[in-house]
Amino acid sequence: MTALPKDPEEFVTVKEFIEPIEAQMAKSVLESAGVECFLLSENTNSLLSAAFYAQLQVHKKDEADALAILDAPDEDVVDPQVDNDE
């Protein structure tokens, strides 16, 4: 039997959040880095945060990049509002 090829559009959860604001911030960081992502169970989390986590999902092909971005120390994040040429 031949194995079916993996779906390149498959999504995976890279991080879960109990706090909706943290989920939104992480989503914004990935989007600003050009990584397509979305939050799963975001609205459910707002209603019953103790019972549901918001799941940040990305394309399977972007998983390693997304994890590297999310795990980068805050010092590595460039703030576009700050002029670093001084």
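Scope of this entry: the structure provided in the associated data block.

### So, the overall build of the chain
A tally of helices and strands in the chain yields three helices and three strands. For the chain, the α and β elements follow one another from N to C terminus as β-α-β-α-β-α. In the chain, 62% of the contacts between residues at least 6 apart in sequence involve partners at least 24 apart. Total accessible area computed for the chain in this model is approximately 6,500 Å², and 53% of it derives from carbon and sulfur atoms.

### Some details on the nonpolar core
Residues Val14, Leu30, Leu56, Val58, Ala66 and Leu70 are the most contacted members of the largest nonpolar core, which totals 14 residues. Taken together, the elements giving at least two residues each to this core come down to β1 (11-17), α1 (20-32), β2 (37-40), β3 (54-59) and α3 (63-71). Ignoring anything within four residues of it in the chain, the contact list for Val58 reads Glu10, Phe11, Val12, Val14, Leu30, Val35, Glu36, Cys37, Glu63 and Ala66.

### Brief notes about the sheet that holds β2
Taken in spatial order, the three strands make up an open sheet running β1-β3-β2, and their pairing is antiparallel. At either margin of the open sheet sits one strand with a lone partner, and together these are β1 and β2. Strand after strand, the sheet turns through a mean of 30 degrees between neighbouring axes, direction not considered. Running over the sheet, α1 touches β1, β2 and β3 and is turned about 165 degrees from β2. Its contacts with the sheet put α3 on β1 and β3, and the angle it makes with β1 is roughly 20 degrees.

### Regarding the side chain of Lys27
Considering the arrangement of structural elements, one finds Lys27 in helix α1. Given the relative accessible area of 18%, Lys27 is considered buried. If near-sequence neighbours (up to four positions away) are discounted, Lys27 is found in contact with Cys37, Phe38, Leu39 and Leu56.

### A word on the packing of α1 against α3
In contact at an axis separation of 10 Å, α1 and α3 are set at 120 degrees when each is read in the N-to-C sense. When the axis of α1 is compared with that of α3, the two are oblique. When the axes of α1 and α3 are compared, the crossing they make is right-handed. Residues Ala26, Val29 and Leu30 of α1 lie in contact with α3, whose contacting residues are Ala66, Ile69 and Leu70. Its residues assigned to classes, the contact of α1 with α3 shows six nonpolar, no polar and no charged.

About the criteria used
Residues numbered from 1 in each chain as written. Predicted model: local features only at pLDDT ≥ 70, side-chain atom pairs only at ≥ 80, totals over all residues. Heavy atoms only, no water. Helix = DSSP H or I, 4+ residues; strand = E, 2+ residues; numbered from the N terminus. Contact = heavy atoms within 4.5 Å. Areas by Shrake-Rupley, 256 points an atom, 1.4 Å probe, with all protein chains shown as cover. Core = buried A, V, L, I, M, F, W, Y, C linked by side-chain atoms within 4.5 Å. Buried < 20%, exposed > 50% of the residue type's maximum accessible area, 1.4 Å probe, protein only. Pairing = 2+ DSSP bridges. Axes fitted to C-alpha atoms, helices over the stretch in contact; angles between N-to-C directions. Parallel < 35°, antiparallel > 145°, perpendicular 65-115°, else oblique. Left-handed = near helix turned anticlockwise from the far one by under 90°. Nonpolar A, V, L, I, M, F, W, Y, C, P; charged D, E, K, R; others polar.

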